[in-house]
Amino acid sequence: SQYSAVDTNPLSVYIMQPIWNKIIKIVPLWIAPNLLTFSGFVMILVNYFLISFYDWDYTASGASPGLVPTWVWLFSAFTTFCAYALDSIDGKHARRTQSSTPLGELFDHGLDSWATSIFVLSFFSVCSRDNGRTGVSVYTMYIYLSIVLFNFMCSHWEKYNTGVLFLPWGYDISQVVLIAAYLLTGAVGVEVWQKPFLFGYYITDALVILLIGFSLFLSFPQTLYNIHRAHLKKTLKNDSLYEGLLPLVSPLLLFFLLTVWVILSPGNILAKQPRLFLWMVGVTFSNVICKVIICQMSSTRPELFHWFLFPLALVVYAAISGLLGWTEEAVLAVFTALVTAAHVHYGVCVGRQLSEHLNIYIFSLKKRVQE
């Protein structure tokens, strides 16, 4: 299917696009677009693991503000900007080198579906978790992450139904806010997040309110409106309501199972292992959404229940019924490792299949020699 995307965000159109158009000119023509996409993703990962090293349980910023060195925050700003730039120019570079392929589109959106959660998880280290005075509770973190992922899901569900990806406004705004937050933290220190700045509200409160406002009053209604408009114009990809709603079943079930685990966990798993749990949420979500992206690109029907849901349901049942007892954290660690490995394996397999099918290399513009 032909790729079509619409970007109406003034920040993107008037400020960022002209910057990307200048940056793209310095990228050598022999570099494969997927290499740009992947490099950006690797930078996000490196940054995430670096922050995790200094702040595994999200307490560093609140408990002892100097624990994460200043250079880490500045490095975060730098990597976030680079990843944002690379993610914004990969498509332009593909058109420049006339190497736009479905593989590139899948690679870009697939990695985005994973990067989205990693951005959020890195940012939580800035505001730190609730220590009685300042910070954000782990439950707020979970809700916050879920809303961001819900937004991501909406834009791809919309594309599944309309054939057009309406780029969410939140994306550019969130990237610019993230970079600014890291720079501010690097310049002033984490203390800036721990003092009220307006009417007794903290900056983090403002960001949470902004995020929820953006999602519920801008992104989601926009998605429904775009689908409704396609319905009126008779350009919807799916005739039946059942088929149109099908891609939502697995992500919503996933969210339901995870929330049940969070609320009913006897050992309070989210408070004990927020980093592991939220990482697992991001990975499982990414895998579920990748399936939807592939179905939408190949015009096939997604299965009703994603296979991750079955082992997850078993683990959640074992945890909340008390069967796991004190091993709950260990089981979470093993489950997280397994789904992460499964997700990476899935990505590698799909990439290889597509590269063979389309007769191209993933990270090189050289053509494959026909067998």
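In this text, all values refer to a predicted model and were calculated from it rather than measured experimentally.

**Student:** I'm lost on helix H11 (residues 274-298) in this one. Help?
**Tutor:** With 25 residues, H11 ought to run about 36 Å at 1.5 Å a step, and its terminal C-alpha atoms sit 36 Å apart, in line with that. When you tally the buried positions in H11, you get 23 out of 25 residues, the bulk of the element. Positive phi appears at Ser299, one or two residues downstream of H11, with a value of about 55°.

**Student:** Help me understand the UniProt feature "transmembrane region" (unreviewed entry) in the chain, please; the structure alone is not making it clear to me.
**Tutor:** Under the present numbering, the feature "transmembrane region" (unreviewed entry) in UniProt falls on residues 26-50, 70-86, 136-154, 199-220, 241-264, 276-294, 306-324 and 330-348. The straight-line gap between the two end C-alpha atoms of residues 199-220 is 29 Å; of that span, 82% is helix and 0% is strand. For residues 306-324, the helix share is 63%, the strand share is 0%, and the end-to-end C-alpha distance is 24 Å.

**Student:** Would you take a moment to explain the pattern of salt bridges for this structure?
**Tutor:** Charged atoms that come close allow side chains of opposite charge to pair. All told, the structure shown has two salt bridges when counted by the stated rule. Between Glu105 and Lys159 there is a salt bridge, and its shortest N-O distance comes to 2.8 Å. Residue Glu105 is located in helix H5 (residues 102-127), and its partner Lys159 is located in helix H6 (residues 138-162); the two are separated by 54 residues in the primary sequence. For the pair Glu105 and Lys159, one class covers both residues: buried. Taking the shortest distance from any N to any O, the salt bridge between Arg301 and Glu243 comes out at 3.7 Å. Remark: Glu243 occurs in helix H9 (residues 241-264) and Arg301 occurs in the loop between H11 and helix H12 (309-320); sequence separation between them is 58 residues. By relative accessible area, which is 25% here, Glu243 ends up partly exposed.

**Student:** How should the packing of aromatic side chains be read in this particular structure?
**Tutor:** We describe a pair of aromatic rings using the distance from one ring centre to the other and the angle between the two ring planes. The full count for this structure, using the stated rule, is 24 aromatic pairs. Centre to centre, the rings of Phe305 and Phe310 are 6.4 Å apart; their planes meet at 80°, and the pair counts as edge-to-face. For Phe305, a relative accessible area of 40% translates into the label partly exposed. Through a chain of ring-to-ring contacts, the aromatic side chains of Phe41, Tyr48, Phe49, Trp114 and Trp279 assemble into a single cluster. Over the ring of Tyr58 we find Arg275; its NZ or CZ atom is 4.1 Å from the centre of that ring.

**Student:** Would you mind showing me how to read the nonpolar core here?
**Tutor:** One recurring pattern in soluble globular proteins is that nonpolar side chains are buried together. By size, the foremost hydrophobic cluster in this structure holds 100 residues, and its most contacted members are Phe123, Phe124, Trp261 and Phe277. Counting residues per element, this core draws most heavily on H5, which supplies 14 residues.

**Student:** Is there a simple way to think about the packing of H6 against H9 in this case?
**Tutor:** Angle between the axes and distance between the axes are the two parameters that describe a pair of packed helices. Where H6 contacts H9, the axes come no closer than 10 Å and their chain directions differ by 170°. In terms of their interaxial angle, H6 and H9 are classed as roughly antiparallel. Each of Tyr139, Tyr142, Ser146, Met153, Trp157, Tyr160 and Asn161 in H6 lies in contact with H9, whose residues at this interface are Glu243, Gly244, Leu245, Pro247, Leu248, Pro251, Phe255, Leu258, Thr259 and Val262. Its residues assigned to classes, the contact of H6 with H9 comprises twelve nonpolar, four polar and one charged.

**Student:** What is the right way to look at the side chain of Lys291 in this model?
**Tutor:** Mapped onto the fold, Lys291 is located in helix H11. One buried charged side chain, Lys291, makes no salt bridge at all; its nearest oppositely charged neighbour is Glu303, positioned 4.1 Å away. With residues near it in sequence (within four places) discarded, Lys291 still touches Glu303, His306, Trp307 and Tyr346.

**Student:** Explain the environment of Trp56 to me, please; I cannot follow it from the model alone.
**Tutor:** Residue placement: Trp56 occurs in the loop between helix H2 (33-54) and helix H3 (60-63). Each C-alpha atom, one on Trp56 and one on Val249, is 33 Å from the other, the two residues being 193 residues apart in sequence. Residues contacting Trp56, with those up to four places away along its chain left out, are Gln273, Arg275 and Leu276.

**Student:** Explanation requested: the environment of Val126 in the structure shown.
**Tutor:** With respect to the helices and strands, the residue Val126 is situated in helix H5. A relative accessible area of 0% means that Val126 is categorised as buried. In this view, Val126 contacts Ser61, Trp73, Tyr182, Thr185, Val190 and Trp193; residues no more than four positions away in its chain are not counted.

**Student:** When you look at a nonpolar patch on the surface in this model, what are you seeing that I'm missing?
**Tutor:** A cluster of nonpolar side chains, contributed by Tyr242, Leu253, Phe256, Leu304, Phe305, Trp307 and Phe310, occupies part of the molecular surface with about 720 Å² of accessible area. Tracing the backbone shows Phe310 in helix H12.

**Student:** Even after reading the chapter, I still don't get the packing of H5 against helix H7 (residues 169-188), so can you show me in this structure?
**Tutor:** Interaxial distance between H5 and H7 falls to 11 Å at its minimum, and their mutual angle equals 30°. Classified by the angle between their axes, H5 and H7 sit roughly parallel to one another. Once H5 is placed against H7, the crossing between them reads as left-handed. Contact with H5, carried on its side by Phe119, Ser122, Phe123 and Val126, involves Gln175, Leu178, Ala181, Tyr182 and Thr185 of H7 and no other residues of that element. Each residue belonging to the contact of H5 with H7 can be placed in one class, and the counts come to six nonpolar, three polar and no charged.

Parameters and conventions
Residues numbered from 1 in each chain as written. Predicted model: local features only at pLDDT ≥ 70, side-chain atom pairs only at ≥ 80, totals over all residues. Heavy atoms only, no water. Helix = DSSP H or I, 4+ residues; strand = E, 2+ residues; numbered from the N terminus. Expected span 1.5 Å × (residues − 1). Buried < 20%, exposed > 50% of the residue type's maximum accessible area, 1.4 Å probe, protein only. UniProt positions renumbered as here; feature names shortened; annotations may be inferred. Salt bridge = Lys/Arg side-chain N within 4 Å of Asp/Glu carboxyl O. Phe/Tyr/Trp six-rings, centres within 6.5 Å; stacked < 30°, edge-to-face > 60°. Lys NZ or Arg CZ within 6 Å of the ring centre and 35° of its normal. Core = buried A, V, L, I, M, F, W, Y, C linked by side-chain atoms within 4.5 Å. Axes fitted to C-alpha atoms, helices over the stretch in contact; angles between N-to-C directions. Parallel < 35°, antiparallel > 145°, perpendicular 65-115°, else oblique. Contact = heavy atoms within 4.5 Å. Nonpolar A, V, L, I, M, F, W, Y, C, P; charged D, E, K, R; others polar. Lys, Arg positive; Asp, Glu negative; His and termini not counted. Patch = residues over 30% accessible without salt bridge, like charges linked within 9 Å, V, L, I, M, F, W, Y side chains within 5 Å. Areas by Shrake-Rupley, 256 points an atom, 1.4 Å probe, with all protein chains shown as cover. Left-handed = near helix turned anticlockwise from the far one by under 90°.

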